[in-house]
Amino acid sequence: MQSWRRKSLWLALSASWLLLILLGGFSLLRLSLPPRPRPRAPQGWPRWLDADLLQSFSQPGELPEDAAQPPRAPHGGSCNWGSCFDTSKCRGDGLKVFVYPAAGPISETHRKILASIEGSRFHTFSPDGACLLLLLSLDAQIGECSSMPLQWNRGRNHLVLRLHPARCPRTFQLGQAMVAEASPTVDSFRVGFDVALPFLPEAHPLRGGAPGQLRQHSLQPGVALLALEEERGGWRTAGTNFSACPWDGRCKQDPGPGQTQRWEMLPNATFCLISGHRSQAALRFLQALQAGCIPVLLSPRWELPFSEVIDWTKAAIVADERLLLQVLAALQEMSPAQVLALRQQTQFLWDAYFSSVEKVIHTTLEVIQDRIFGTSAHPSLLWNSPPGALLALSTFSTSPQDFPFYHLHQGSRPEGRFSALIWVGASGQPPLKLIQAVAGSQHCAQILVLWSNERPLPSRWTETAVPLTVIDGRRKVSDRFFPYSTIRTDAILSLDARSSLSTSEVDFAFVVWQSFPERMVGFLTSSHFWDEAHGGWGYTAERTNEFSMVLTMAAFYHRYYHTLFTHSLPRALRTLADEAPTCVDVLMNFLVAAVTKLPPIKVPYGKQRQEAAPLVPGGPEPGPKLQAPDPNCINQIAAAFGHMPLRSSRLRLDPVLFKDPVSMQRKKYRSLEKP
Amino acid sequence: MNEAISLRSSSFARLPGKTLQRCPDSSCPAGGAAPAAPACAVRLVSDAPEPGRLPGAGCWLPWTRSWRWRLAIRRDQTRAEVPRAPRHEPVTERGAEREAAVAEECEEEAVCVIMCASVKYNIRGPALIPRMKTKHRIYYITLFSIVLLGLIATGMFQFWPHSIESSNEWNVEKRSVRDVPVVRLPADSPIPERGDLSCRMHTCFDVYRCGFNPKNKIKVYIYALKKYVDDFGVPVSNTISREYNELLTAISDSDYYTDDINRACLFVPSIDVLNQNTLRIKETAQALAQLSRWDRGTNHLLFNMLPGGPPDYNTALDVPRDRALLAGGGFSTWTYRQGYDVSIPVYSPLSAEVDLPEKGPGPRRYFLLSSQVGLHPEYREDVEALQVKHGESVLVLDKCTNLSEGVLSVRKRCHKHQVFDYPQVLQEATFCVVLRGARLGQAVLSDVLQAGCVPVVIADSYILPFSEVLDWKRASVVVPEEKMSDVYSILQSIPQRQIEEMQRQARWFWEAYFQSIKAIALATLQIINDRIYPYAAISYEEWNDPPAVKWGSVSNPLFLPLIPPQSQGFTAIVLTYDRVESLFRVITEVSKVPSLSKLLVVWNNQNKNPPEDSLWPKIRVPLKVVRTAENKLSNRFFPYDEIETEAVLAIDDDIIMLTSDELQFGYEVWREFPDRLVGYPGRLHLWDHEMNKWKYESEWTNEVSMVLTGAAFYHKYFNYLYTYKMPGDIKNWVDAHMNCEDIAMNFLVANVTGKAVIKVTPRKKFKCPECTAIDGLSLDQTHMVERSECINKFASVFGTMPLKVVEHRADPVLYKDDFPEKLKSFPNIGSL
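Residues numbered from 1 in each chain as written. Chains lettered and ligands numbered in written order. Predicted model: local features only at pLDDT ≥ 70, side-chain atom pairs only at ≥ 80, totals over all residues. Heavy atoms only, no water.

**Q** Sorry, what's going on with the overall build of chain B here?
**A** Broken down by element type, chain B carries 21 helices and 28 strands. Counting every position in chain B, which comprises 832 residues, the buried fraction comes to 56%. A separation threshold of at least 6 residues defines the contact pool for chain B, and within that pool the share at least 24 residues apart is 76%. (Helix = DSSP H or I, 4+ residues; strand = E, 2+ residues; numbered from the N terminus. Buried < 20%, exposed > 50% of the residue type's maximum accessible area, 1.4 Å probe, protein only. Contact = heavy atoms within 4.5 Å.)

**Q** It is not clear to me how the sheet that holds strand S2 (residues 132-137) of chain A should be interpreted in this structure. Could you clarify?
**A** As a general point, the strands of a sheet are linked pairwise by backbone hydrogen bonds and lie either parallel or antiparallel. All names here are of chain A. One open sheet holds the five strands; their spatial order is S1-S2-S3-S4-S5, and the pairing between them is parallel. Both edges of this open sheet fall to strand S1 (97-99) and strand S5 (195-197), since each of them pairs with a single strand only. Looking at each pair of strands side by side, their axes are set apart by 20° on average, direction ignored. The sheet contact formed by S2 and strand S3 (residues 158-162) spans five bridges and is parallel. Note that in S3 the partner of Leu134 across the bridge is Leu159. The strands touched by helix H7 (residues 357-373) are S1, S2, S3, strand S4 (178-182) and S5; relative to S5, the strand with the most contacts, the crossing angle is about 165°. (Pairing = 2+ DSSP bridges. Axes fitted to C-alpha atoms, helices over the stretch in contact; angles between N-to-C directions.)

**Q** I tried to follow the packing of aromatic side chains on my own but got confused; where do I start?
**A** Centre distance and the angle of the planes are the two values used to describe a pair of aromatic rings. What the rule picks out here adds up to 61 aromatic pairs over all chains. Plain terms: the ring middles of Trp451(A) and Trp461(A) are 6.1 Å apart, the flat faces sit at 85° to each other, and that makes the pair edge-to-face. A residue pair is termed long-range when its members are at least 10 positions apart, and Trp451(A) in strand S12 (residues 444-451) and Trp461(A) in the loop between S12 and strand S13 (468-472) qualify at ten residues. Among the residues examined, Trp451(A) registers a relative accessible area of 1% and is labelled buried. The exposure class of Trp461(A) is buried, given its relative accessible area of 16%. Ring plane angle 40° and centroid distance 5.3 Å describe the contact between Phe570(B) and Tyr667(B), whose orientation is recorded as tilted. Residue Phe570(B) is located in strand S18 (residues 570-576), and its partner Tyr667(B) is located in helix H17 (residues 660-672); the two are separated by 97 residues in the primary sequence. Per residue, the accessibility class of Phe570(B) equals that of Tyr667(B), and both read buried. (Phe/Tyr/Trp six-rings, centres within 6.5 Å; stacked < 30°, edge-to-face > 60°.)

**Q** I keep staring at the interface of chain B and chain A and nothing clicks. Help me out?
**A** Interface size is often expressed as the accessible area that is lost when the parts come together. The interface is formed by 155 residues belonging to chain B together with 143 residues belonging to chain A. Together chain B and chain A conceal approximately 13600 Å² of surface at their shared face, both sides included; 58% is due to carbon and sulfur atoms. The three residues of chain B that bury the most area against chain A are Trp334(B), Tyr535(B) and Val813(B), which together make up 6% of that side's buried surface. If you look at where chain B meets chain A, you find nine salt bridges. (Buried area = accessible area lost by both parts, 1.4 Å probe. Salt bridge = Lys/Arg side-chain N within 4 Å of Asp/Glu carboxyl O.)

**Q** Any chance you could explain the domain arrangement of chain B here in plain terms?
**A** All names here are of chain B. As far as domains go, chain B holds domain 1 (176-347 + 519-532), domain 2 (352-515) and domain 3 (567-764 + 773-810). Put simply, the middle of domain 1 and the middle of domain 2, counted by C-alpha atoms, are 31 Å apart. Domain 1 puts 28 residues into the contact, and the matching count from domain 2 is 21 residues. Here domain 1 is connected to domain 2 by one salt bridge. Put simply, Arg531 and Glu468 hold a salt bridge, and the shortest N to O gap is 2.6 Å. (Domains from an automatic or database assignment.)

**Q** Where do I start with the environment of Val586(B) in this structure?
**A** Residue and element names in this part refer to chain B. Relative to the assigned elements, Val586 resides in helix H16 (residues 580-590). Each C-alpha atom, one on Val586 and one on Asp653, is 6.2 Å from the other, the two residues being 67 residues apart in sequence. Residues contacting Val586, with those up to four places away along its chain left out, are Val574, Ile651, Asp652, Asp653, Asp654, Ile655 and Ile656.

**Q** Whenever I open this one, the confidence of the model for chain A confuses me. Can you help?
**A** Detailed conclusions should not be drawn from predicted coordinates in areas where pLDDT is low. Residue and element names in this part refer to chain A. Scored by pLDDT, chain A comes out at a mean of 80, with 80% of its residues at no less than 70. Per-residue pLDDT stays below 50 along residues 240-264; that stretch engages in 45 contacts with residues further than four places along the chain or on separate chains. The low-confidence segment residues 610-628, where pLDDT is below 50, has 37 contacts with residues more than four positions distant or belonging to other chains. (pLDDT = per-residue confidence, 0-100.)

**Q** What is the right way to look at the nonpolar core in this model?
**A** Where a protein is soluble and globular, its nonpolar side chains tend to be buried together. Formed by 105 residues in total, the largest nonpolar core has its most connected members in Phe271(A), Phe205(B), Phe303(B), Phe466(B) and Ile532(B). A total of eight residues in this core trace back to one element, the largest contributor, which is helix H13 (residues 517-532) of chain B. In contact with Phe303(B), other than residues within four places in its own chain, are Tyr244(B), Leu247(B), Ile251(B), Val268(B), Val273(B), Leu274(B), Ala327(B), Ile344(B) and Thr524(B). In this structure, Ala439(A), Phe510(A), Phe523(A) and Val574(B) belong to the second largest nonpolar core, which totals 80 residues. (Core = buried A, V, L, I, M, F, W, Y, C linked by side-chain atoms within 4.5 Å.)

**Q** When you look at the pattern of salt bridges in this model, what are you seeing that I'm missing?
**A** A pair can form between side chains of opposite charge whenever their charged atoms are brought close. Taken as a whole and judged by the stated rule, the model has 49 salt bridges over all chains. For Asp206(B), the salt bridge is made with Arg209(B), and the minimal N-O distance between the two is 3.7 Å. Where Glu741(B) meets Arg636(B), a salt bridge forms, and the shortest distance between an N and an O atom there is 3.1 Å. Of the two residues, Glu741(B) is situated in helix H20 (residues 741-753) and Arg636(B) in the loop between strand S20 (623-627) and strand S21 (647-652); the sequence distance between them amounts to 105 residues. As far as the burial class goes, Glu741(B) and Arg636(B) line up, both buried. The network of salt bridges with common partners includes Arg543(A), Arg652(A), Asp654(A) and Asp817(B).

**Q** Hey, could you run me through the pairing of strand S14 (residues 491-496) of chain A in this one?
**A** Within a regular beta strand, the side chains point alternately toward one face of the sheet and then the other, so they alternate between its two faces. Residues and elements named next belong to chain A. Judged by how many residues are buried, S14 sits mostly within the fold: six of six residues are covered. Side chains Ala491, Leu493 and Leu495 of S14 all project onto a buried face; the interleaved residues Ile492, Ser494 and Asp496 project onto the opposite face, where all are buried too. Relative to strand S19 (residues 554-558), S14 is paired through five bridges, and the arrangement is antiparallel. Paired with Leu493 across the strands is Phe556, a residue of S19.

**Q** Would you mind showing me how to read the side chain of Ser478(A) here?
**A** Residues and elements named next belong to chain A. On the secondary structure map, Ser478 appears in the loop between S13 and S14. Relative accessible area serves as the criterion here: at 11%, Ser478 is assigned to the buried category. A polar contact is formed between the side chain of Ser478 and the side chain of Asp578, at a distance of 2.8 Å. Excluding residues within four positions of it along the chain, Ser478 makes contact with Phe565, Arg574 and Asp578. (Polar contact = N/O pair within 3.5 Å; in protein donor to acceptor, adjacent residues only side chain to side chain.)

**Q** Explanation requested: the state of the cysteines in the structure shown.
**A** Think of a disulfide as a covalent bridge from one cysteine sulfur atom to another cysteine sulfur atom. Residues and elements named next belong to chain A. Per the stated rule, a full pass over the model turns up eight disulfides over all chains. Two residues share a disulfide in this structure: Cys583 and Cys633, whose sulfurs sit 1.8 Å from each other. Placement of Cys583 in helix H14 (residues 583-596) and of Cys633 in helix H16 (residues 631-641) is noted, with a sequence separation of 50 residues between them. With a relative accessible area of 1%, Cys633 lands in the buried category. (Disulfide = S-S within 2.5 Å.)

**Q** Is there a simple way to explain the domain arrangement of chain A in this structure?
**A** Split by domain assignment, chain A resolves into domain 1 (80-140 + 149-207 + 358-372), domain 2 (210-240 + 266-355) and domain 3 (409-606 + 628-641). The C-alpha-based centres of domain 2 of chain A and domain 3 of chain A are spaced at 41 Å.

**Q** Would you take a moment to explain the packing of helix H13 (residues 571-579) of chain A against H14(A) for this structure?
**A** A pair of packed helices can be characterised by two numbers: the angle between their axes and the separation between those axes. Residue and element names in this part refer to chain A. Contact pair H13 / H14: the axes reach a minimum separation of 7 Å and the direction vectors enclose 145°. Residue-level contacts link Leu573, Leu576 and Ala577 of H13 to Cys583, Val584 and Leu587 of H14. Split into classes, the residues belonging to the contact of H13 with H14 amount to six nonpolar, no polar and no charged. (Nonpolar A, V, L, I, M, F, W, Y, C, P; charged D, E, K, R; others polar.)

**Q** Explain the packing of helix H6 (residues 336-354) of chain A against H7(A) here, please?
**A** Residues and elements named next belong to chain A. For the pair H6 and H7, interaxial distance at closest approach is 7 Å and the crossing angle is 85°. When the axis of H6 is compared with that of H7, the two are roughly perpendicular. On H7, the residues that touch Asp351, Ala352, Tyr353 and Phe354 of H6 are Lys359, Val360 and Thr363. When grouped by side-chain class, the residues that make up the contact of H6 with H7 number four nonpolar, one polar and two charged. (Parallel < 35°, antiparallel > 145°, perpendicular 65-115°, else oblique.)

**Q** It is not clear to me how the environment of Phe523(A) should be interpreted in this structure. Could you clarify?
**A** All names here are of chain A. Tracing the sequence through the fold places Phe523 in the loop between strand S15 (521-522) and strand S16 (525-531). With 41 residues separating them along the chain, Phe523 and Phe482 place their C-alpha atoms 22 Å apart. Apart from residues no more than four positions distant in its own chain, Phe523 is found in contact with Leu501, Glu505, Ala509, Ala554, Lys602, Val603, Pro604 and Tyr605.

**Q** Help me understand H16(A) in this model?
**A** Along an α-helix, residues three or four positions apart point the same way, because every turn accommodates 3.6 residues. Residue and element names in this part refer to chain A. Buried within H16 we find Cys633, Ile634, Ile637, Ala638 and Phe641. One side of H16 carries all its buried residues, which in axial view fall inside an arc of 125°. Following H16 by one or two positions, Gly642 has its phi on the positive side, about 85°. (Arc of directions from axis to C-beta.)

**Q** Would you mind going over the confidence of the model for chain B with me for this structure?
**A** All names here are of chain B. Of the residues in chain B, 78% reach a pLDDT of 70 or more, and the chain-wide mean stands at 80. Confidence drops under a pLDDT of 50 for residues 768-776, and excluding neighbours within four residues, the segment shows eleven contacts in the predicted structure. The ipTM assigned to the predicted complex is 0.87, against a pTM of 0.82.

Below you can see the structure in the form of structure tokens.
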């Protein structure tokens, strides 16, 4: 009995083994026997016996010498930068742009754009001195199409700027003119010559513009992975189940109520799948960018905006539509780190280059200026990391280490010394005590006195350990922020002659600044608020629990902000600051906040002087008290910026042991606590 | 030891979870001749309890008593191995695969085992097992011989063709290039169309061939080498050149290579078209067209470095090639198909011959050097005019006319009668002119880069090598031909620092992408690969940043300057073991903080259940208890799905001394610094000069470099980093030592963001949160020693000391100011 059982058991076993071996065992066995010694690269490219005897592909001397004629590139129907743009006109001070005045009535938008270009540093009124002649063809509505301008010259050095796709037939040959238009097709786009613009909706804000939608860095859990465009123009979110989606990306699955979003709504998903018709897709692309939804473009036939300078691989995924399923699988597998970086980049790009018409136009001009500059153009890093090339001027430097923004990326540190810039305004008294206090700091490299006063320069100054330079400035307040070539350190301590600081306050503030080189570090603060009663912004210097500005009468900041203040702010704003000197603080704070998107930093300030301090850096006459600042000022500046860049902070940075119940001997910045 | 093993091995059949698996090959007598065959070793694998395993998939071999018995008597030679079960192995879709693998392995084992058994039966059987009937024995022997025969047959079938192939290949490898198969091309065989200038990846490239590739790597096939002759037996081209052979070898050795033509995505013909001058154009085209997968050239890649021929010198290969991709060395904007073709360098054979050691950046003897021979007279006039104008700082070299015999003229250049060694002379110049010749692409570019000389490229419309990915602005100066007379002033306007940067960059480009044919081939394939799998593409930084920059650079994962909205609030995570009373107090305290949005208790005690729901304090926010599988410190930093906010407050279950104002203020500070650790008790690391190592410091110092995570705010993303991206074995080390998880977190965050911590609020008397024992100075000291050890260990794992020391802490704006307390936002701060 037992033997039978055993026998049948063995029989069954052997039979099944045989079957297995015969049927599936072959392949399994092959897999399971890797240790069989195999040639390293099976059937690879052979190692020839006589490989060493082979001849080189080019024999020395074979190269043709003295070719009959220096070959020239054929000037076909196509242009490139070298052959169709004459940079010799742009030698002097970079890009100068002349804008053709519009013939006939112009729309409000057109007028505003003109005004914005005229306010910029690129503009010139003379067509002869201009290096670039700009032909605006903006008005889609009016239907009036521009005709051939006078200075046309076969379109040489001309840029035809079309914000919206042309609705009128071309009335003249473009010739050698560059074209900046929205989402040009890949085939018509001349790389390195034309400029690809974003496809702006008609109601795009002129300046300022809505900020990106991303309110937090990481994803909220439960956000849909993918948003798909809808035929009616909205977005629809899809879950992670792609099996319902056929190849064309449209999911048969019924979206169900509530999942379809209206046109105005921006997609709320991690990835936005964009394909389809050019203008439609380009518009969607911009929407996705604003929403912080990573655009996934399927074989776009159009050029991505500003692709010459923007590295779109950091913010979008351009994939082949034929590999859709694989793309979708790859999206699902994408690491959180990669998603995080892509999303943040969409927001940065939106905010830096696309959120307003003004930014788009300035970016266009900046792209062309970079071509003219050649080696002194913006490095790619400046274009592709915050705060962006519009706010990081390549005229300041082309080395990222010189800017306050890229120290982390470069692995560098700001310089360990600072220059004190003391502005002597109305009082006309040489600030001897202040000079002594500042010169006492171990970090002080030099002291500059900006004598902006009717009185003659005093002949004698105190002896200091550091070099002291006196600049006989003009009488304008905005001179305080002029990029003097004598300032050689990264950090500037901006002071008013009437400020009073102690050496240890200066020391501590500078050490703090080194941790935050892109921000302003100040002692005295004020804050802005929305004034319901007047329907505008207001600001106050009263002590509150938060602040959004530091007074520049005693503040550390990077010297780059002088360049930015002088060269990037519209002329009108600088004039405003000159006319109303209290404004200069506000303006500088606006500027830095617009760049950093962060609040300034406050450090402790000696107690008894705080009461005496609220003096304003006045103009030639003793300035008004800060308690009564001109509310117009902040509103005018906010209007010029197009938005309110100021951010509030609720903290102050103190020394680690500040006012702690420990022995004074242990503390490094003792005098900060003295009553 | 032996006893334990015997216990296990004798009881394994009764353990439901254990399966007998391995009998190593060596222990299986193949033919049955070895009478004293060593017994099969047994490995017990305890992976059976996994729910993902199907019982049917494992090998449940119905062993009988005799088996166990046999094993038992041979236990002195038995080796038992009990691997540790993986801790939290999730059941994934890969489970099925694993099962298949296991099953497969089992089969093999089982066969072995059967064979062992048969041996036993035959030789030692009579002595050890009850005698069987002869009939049965014969039966079994027949059976097993059938099995054996089957196996042998399988083996023959499987391996016979392979062995033939490999021996064949051996012959192939010993072959000469001269005896390859000859293919005769009839004069009227088809010729491909000329290249289509409008080709793009999405129109001319068949991407379906590259689909379904888990590694995101394209597969490249190389056609076998053949010799093509025309009707008259005259060869179509020279034999393969040394460089092309190297190039194909490099591809063949790379990860891209496949020998299966059906799985290939890209095809590389072995027809050498590197130099157009050596080719018969029409016949070469015919040869291309008859390749087995040619299909109008779709997905074929041709490498060409010297295109065109006299008199007009086209800038792309003249061989009609239809849709084939061209990796060409002299493209102009007119012939280059953006995003389809790849622009490659013209390889300079000198790269391999001459070893130029890297020369540091800095001013060099000559400012500008022209070293090319055979310049067009017009250009030569121009550069000589430069020399006349600027004197000593410009050097114009030409070939030597009066060299004695035996001197390699390629390696010499002359200026008047002065002889210079080439390419060594390039190292003497800051800028080197790379002028166009008859062709746009010049091999001198490679020499110039190798010498760390900044190339001044004067060749209108030339597409620089790998311009799709390389940022040439960083390594070269491009000057239009008509501006040649201004070259000097253009170059002089470049600041010295930028020049040094460019010199470094030039050398790096050469090292990475020009140095060898292999580098050129791999970069080309990488570019094409990146187009096909853009989501796995190499970034701009990886292509362009030299290693030194990559090493020093920090890319903050939270680089966007954002202040998260206050409304979001934070999630408090309390790690607890069993101090319920203290835990409840912490919960009550923390729940008073206005911005708290959720409370998560991580219950790290497996032996004890958390208190019942009714016993927990009633708080206004959701409270959730997570039970962990193991008592590990890392559990505190796990990115639980329950964390819905960005901000996380990690708090120990004994931190009851923090006031609600202090916690709320801490959250406000975190909002302003969302990429940092914001914590309460601060610590410092110091360099101990006597011991020559790092030291941990908890005294009252003026500096801070760490905060304890016993009470700290941070971004949730760092939880993800801690759990999944912690370098080295730090995580296991921390769990094993039950210490220093906070130091590890400080290292991690500082390393990835490059920023310092923020300590908030004045020093408080914490009940020594990091001390395990309260009393005893010596205990305290061992604690400090341990912590110091941690710092040294982590610093060595990170390879650097990422911690940043700062001298500041964050206080409310009006902290300790002379201001009415009731008007302050955070009055209750700093009380002891």
